[in-house]
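Fold and geometry: a report
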Amino acid sequence: MISQISSGIKISVETNYSGSYLQNNSLHHAFSYQIEIENLTADTVQLESRHWDIFDALHHKDEVDGEGVVGKKPILAPGASFTYQSGCLLASTYGAMKGHYNFVNFSTALRFRVDIPLFHLSTPFAQN
């Protein structure tokens, strides 16, 4: 598990290889990831949006932007956490993701960015 604290918010990521399959004569590798978001601040905050940079070993880069996560915009009181699962497809057996969440602080009405640490995605048969 990889964890990082940014702006008083702890992000922890755990990844899993979900399998490979053929689609349109191309091999795809499916990965899932679980993310826990913990509010270590003294204020209530809300996750508003996300940005992802997704890289694979074939030098493809995808960028994904959107509101909330998995259809939700969680509100986190001090000490609270929110966990969700999602996934991605890669054309190669190895890749990585990183990004950030955009939050709003309910006490100050200020918006702030929380970095999501770089994490690797790897098929078991590609590991050394």
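Our structure is the block above this text.
Starting afresh in each chain, residues are numbered from 1 along the sequence in its written order. A pLDDT threshold of at least 70 governs which residues receive local features in this predicted model, and a stricter bar of 80 or more applies before side-chain atom pairs are shown or counted, although totals over entire chains, interfaces and linings include all residues. Note that water and hydrogens are dropped before the side-chain values are worked out from all heavy atoms of the structure.

**Digging into the side chain of His100**
The cut-off we apply is this: In this text, helices come from DSSP runs of H or I with a minimum length of four residues, and strands from runs of E with a minimum of two, each type numbered from the N-terminal end. Per-residue accessibility, obtained with a 1.4 Å probe over protein chains only, is compared with the maximum for each type, and a residue is labelled buried under 20%, exposed over 50%, and partly exposed between these values. Contacts: residue pairs with any heavy atoms within 4.5 Å of one another.
As for its position among the elements, His100 is in strand E8 (residues 94-105). On the basis of relative accessibility, which here comes to 13%, the residue His100 falls in the buried class. Filtering out sequence-adjacent residues up to four positions away, His100 remains in contact with Ser49, Arg50, His51, Arg113, Val114, Asp115 and Ile116.

**Regarding the sheet that holds strand E3 (residues 26-39)**
Applicable threshold: Strand pairing is assigned whenever DSSP identifies at least 2 bridges connecting the two strands. Angles run from 0 to 180 degrees between N-to-C directions of axes, and those axes are lines fitted to C-alpha atoms, restricted for helices to the stretch in contact.
With antiparallel pairing, four strands are arranged side by side in an open sheet as E1-E2-E3-E7. At either end of the open sheet lies a strand with only one pairing partner, and these are strand E1 (2-6) and strand E7 (81-90). Each strand axis lies, on average, 25° off the axis of its neighbour in the sheet, ignoring direction. Sheet analysis places E1 next to strand E2 (residues 9-23), joined by five bridges and oriented antiparallel. From the neighbouring strand, Ser6 faces E2, where its bridge partner is Ile9.

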